[in-house]
Amino acid sequence: MAPAPGTAGAPVRRLTVLYDAECSLCTHVRDWLLRQPRLVPLEPVPAGSAEARRRFPGLDHGTTLDEVTVVGDAGQVYRGAAAWIVVLWALRAHRPLAHRLSTPAGARLARGAVLAAARWRDTRQRWGGNGYRRADGWVYEPGLGWLYTGPGCDDGACATR
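Each chain carries its own residue numbering, running from 1 in the written order of its sequence. Whole-chain, interface and lining totals are the exception, using all residues; otherwise, since this is a predicted model, local features are given only for residues with pLDDT of at least 70 and side-chain atom pairs are given and counted only at 80 or more. Excluding hydrogens and water, the side-chain figures rest on all heavy atoms present in the structure.

Engineer: Looking at this model, I keep getting lost on the environment of Pro 46. Mind explaining?
Structural biologist: On the secondary structure map, Pro 46 appears in strand E2 (residues 42-46). Its relative accessible area of 27% is what places Pro 46 among the partly exposed residues. Along the chain, Pro 46 and Leu 18 lie 28 residues apart, while their C-alpha atoms are 5.5 Å from each other. Ignoring sequence-local partners within four residues, the contact set of Pro 46 consists of Tyr 19, Ala 21 and Ala 52. Numbering of helices and strands runs from the N terminus; a helix is a DSSP stretch of H or I covering at least four residues, while a strand is a stretch of E covering at least two. Categorising residues by exposure relies on relative accessible area from a 1.4 Å probe, with only protein chains included: less than 20% of the type maximum marks a residue as buried, more than 50% marks it as exposed, and the intermediate range marks it as partly exposed. Two residues qualify as a contact provided that any one of their heavy atoms is within 4.5 Å of a heavy atom in the partner residue.

This is the structure we're talking about:
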């Protein structure tokens, strides 16, 4: 992934991890990250939230709900496997692993792990038996499929797009 304009070579002093607050795997990983000793501060922020939109108005917030996204303090944006690698790099015990995963062979392994997590997450959301809500207004209801219940539509009186 190419660095954001003007961020190449900028030091990373803080990372914001955008995660899906409605996903059990995502919140589990968030909690695990918060318990780890860090070399670089990590701040989790729910993806698609008002806070995420305020902080990062230039991001595609729909994409941040579908793909793990990490933003550096100088505007660096990491997605997918690169995001996981930079998060591991920020953790004291996992920095050596991050360096190994940043090689071409390691990057393939990291990408495979991210894809496996995405498949697990997708399966749990679709077939877990419970409704699933996303911060962007989409809701999955077993038996009904995906429904849009955007802001202010709780009473069903919103006009469709």
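Engineer: Before we go on, may I ask you to explain the environment of Val 68 in this structure?
Structural biologist: Considering the arrangement of structural elements, one finds Val 68 in the loop between helix H3 (61-66) and strand E3 (69-72). Other than its neighbours up to four places away in sequence, Val 68 contacts Leu 18, Tyr 78, Arg 79, Gly 80, Ala 83 and Trp 84.

Engineer: What's the story with the environment of Val 40 in this structure? I'm lost.
Structural biologist: Locating Val 40 in the fold gives a position in the loop between helix H1 (24-35) and E2. Expressed as a C-alpha distance, the spacing of Val 40 and Trp 89, which sit 49 residues apart in the sequence, is 8.3 Å. Setting aside anything within four residues of it in sequence, one finds Val 40 in contact with Val 12, Arg 13, Arg 14, Leu 15, Trp 89, Ala 90 and Arg 95.

None of the figures reported here should be taken as evidence of function without further support.
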